[in-house]
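Observations on chain architecture
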Amino acid sequence: MRATDVNGLSYVMNARSSHKDAAWKLIKFLTSDEGATLHVEGGARPAANVSRAVQTACFKANSKIDCWCAASSSRA
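Just so you know, these numbers come straight off a predicted model, no measurement behind them.

Some points on the overall build of the protein
Scanning the protein for helices and strands turns up 4 helices and 0 strands. In the protein, the order of α-helices and β-strands from amino to carboxyl end is α-α-α-α. Looking at the protein as a whole, 25% of its 76 residues are labelled buried. When the accessible surface of the protein is split by element, carbon and sulfur atoms take 56% of a total near 5600 Å².

A look at the packing of helix α2 (residues 33-41) against helix α3 (residues 52-61)
Direction vectors running N to C along α2 and α3 enclose 15°, while the axes themselves pass 8 Å from each other. Looking at the two axes, α2 sits roughly parallel to α3. Once α2 is placed against α3, the crossing between them reads as right-handed. Here α2 contributes D33, A36, T37, V40 and E41 to the contact with α3, which in turn contributes A53, V54, A57, C58 and A61. Here the contact of α2 with α3 is composed, by residue class, of 7 nonpolar, 1 polar and 2 charged.

About the cut-offs
- Residues numbered from 1 in each chain as written.
- Predicted model: local features only at pLDDT ≥ 70, side-chain atom pairs only at ≥ 80, totals over all residues.
- Heavy atoms only, no water.
- Helix = DSSP H or I, 4+ residues; strand = E, 2+ residues; numbered from the N terminus.
- Buried < 20%, exposed > 50% of the residue type's maximum accessible area, 1.4 Å probe, protein only.
- Areas by Shrake-Rupley, 256 points an atom, 1.4 Å probe, with all protein chains shown as cover.
- Axes fitted to C-alpha atoms, helices over the stretch in contact; angles between N-to-C directions.
- Parallel < 35°, antiparallel > 145°, perpendicular 65-115°, else oblique.
- Left-handed = near helix turned anticlockwise from the far one by under 90°.
- Contact = heavy atoms within 4.5 Å.
- Nonpolar A, V, L, I, M, F, W, Y, C, P; charged D, E, K, R; others polar.

What follows is the structure, given as structure tokens:
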């Protein structure tokens, strides 16, 4: 079986937020190698971070299915 995963995750901060520092801290974590690795290991993809470490984690987490991570991992 082949499937295509379409994921439209976006990390945003409301301009009127009273918690901009906390929001920015969360966005920085989610896009870091650590946060993005947790993201892909949890089954969500693609991650916003395309570092080799994150793409390798994506491939390992999804090695039983045919996903774009395999191709991305070899290009990163």
